Amino acid sequence: CGKTNLAMLIPPAHYIKSGWKVYCVGDDIAWLRVGEDGRLWAVNPEYGFFGVAPGTNAKTNPNALETTKKNTIFTNVVKNLDDNTVWWEGMTDTPPTHALNWKGEPWDPASGEKGAHPNSRFTAPAENCPCISPEFNSTKGVPISAIIFGGRRAKTAPLVYQARDWNHGVFVGSIMASETTAAKEGAVGVVRRDPMAMLPFCGYHMGDYWAHWLDMGKKIEHKPKIFNVNWFRTNEQGKFIWPGFGDNLRVLEWILTRCHDGVEAVETPIGMMPYAADIDIDHLDD
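Residues numbered from 1 in each chain as written. Predicted model: local features only at pLDDT ≥ 70, side-chain atom pairs only at ≥ 80, totals over all residues. Heavy atoms only, no water.

**Student:** Describe in detail the overall build of the protein chain, supporting the description with residues and values.
**Tutor:** When helices and strands are tallied, the protein chain shows six helices and 17 strands. For 286 residues, the compact-globule estimate of 2.2 N^0.38 gives 19 Å, and the protein chain sits close to it at 20 Å. Projecting the C-alpha coordinates of the protein chain onto the three principal axes gives extents of approximately 60 × 50 × 45 Å. The burial tally for the protein chain puts 41% of its 286 residues in the buried class. When contacts within the protein chain are restricted to residue pairs at least 6 apart in sequence, those whose partners lie at least 24 apart make up 65%. Carbon and sulfur atoms provide 55% of the accessible area of the protein chain, an area that totals close to 16,200 Å². Side chains of the protein chain give 28 positive and 33 negative charges; the mean places of these two sets differ by 3 Å. (Helix = DSSP H or I, 4+ residues; strand = E, 2+ residues; numbered from the N terminus. Rg over C-alpha atoms; globule rule 2.2 N^0.38 Å. Buried < 20%, exposed > 50% of the residue type's maximum accessible area, 1.4 Å probe, protein only. Contact = heavy atoms within 4.5 Å. Areas by Shrake-Rupley, 256 points an atom, 1.4 Å probe, with all protein chains shown as cover. Lys, Arg positive; Asp, Glu negative; His and termini not counted. Charge placed at Lys NZ, Arg CZ, Asp CG, Glu CD.)

**Student:** Explain the pairing of strand β2 (residues 40-43) to me, and be specific about the residues and the numbers.
**Tutor:** Relative to β2, strand β1 (residues 31-34) runs antiparallel, the two sharing four bridges. Among the inter-strand pairings, W31 is bridged to a residue of β2, identified as V43. Remark: five residues form the turn of the hairpin made by β1 and β2, two consecutive strands paired antiparallel; G38 in that turn has positive phi of roughly 80 degrees. Looking at chain direction, β2 and strand β10 (residues 142-143) are connected through two bridges and run antiparallel. Along β10, the bridge assignment pairs A42 with V142. (Pairing = 2+ DSSP bridges.)

**Student:** Describe helix α6 (residues 249-259), with residues and values.
**Tutor:** Because the α-helix completes a turn every 3.6 residues, residues three or four places apart line up on one side. In terms of burial, α6 is a largely internal element, eight of the eleven residues being buried. Within α6 the residues assigned to the buried category are L249, R250, V251, L252, W254, I255, R258 and C259. Along its buried surface, α6 packs onto α1 (3-7), α2 (13-17), β11 (146-150), β12 (160-162), β15 (225-229) and β17 (271-273). A positive phi of about 55 degrees marks D261, the residue just after α6.

**Student:** I'd love a proper account of the nonpolar core, names of residues and values included.
**Tutor:** In this structure, M8, C24, F49, V78, W88 and C129 are the most contacted members of the largest nonpolar core, which totals 19 residues. If we skip the residues at most four places from it in the chain, M8 touches C24, F49, N61, N63, A64, C129 and C131. Counting 18 residues, the second-largest nonpolar core is a separate cluster that includes W242, L249, C259 and I279. (Core = buried A, V, L, I, M, F, W, Y, C linked by side-chain atoms within 4.5 Å.)

Listed below in structure tokens is the structure:
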């Protein structure tokens, strides 16, 4: 959950002042291979991005919104008849008043019906992305230091923890889950299991898929460290505890530091967790 926003992350202001930069190589697929140096290397086999439109806006993912400004195909969104542009729920606070819905029918926002389909999409060339990596077209790819799993859990999963080793990391990926958020999908809070977020894409038995991961662990000399994140914990009022978006770099900083053995961690029953003091919270309320 949230991988496109993470892939196009914009650092908080004080990180930018410190010289941090984030480049996007891809938001969806990585082909992984073992390099001559014994590390995993990844290439993105896709030409661009295929993103969910509803909820994408200037706050949630400004880089994604900028990416859609030209040479982009939209499916099942609202068409604004006044200026021949597109719109979807969450894009702006004010919907167009003279428009067609995703079915091509005249649409009145006051009707209460959604104008765009909940799974409406955009597909845009990667070269449009303001933060696309200079290594995007490299045939060698980029080295992988960490693999991050993550689902949407309101209470159960902590903000971040690290697997103890490769095999434990495979287990962490195998138990990935998210909770339903809308009543139309069934009862709110029902846990939906999606191992490694691969159920829609894995063309064979998931047990065989995990076995492949375990086998690969024997072939990778310098294994990436494996982590699990959860940006979606809520308080007693149902509000998100963690601000998310660009502030997720604060967690990535801890992850990167752990990859270079630069900080200690707390041993817990589920894995290694950060000491509170090791997560940068400076200017968090800015």
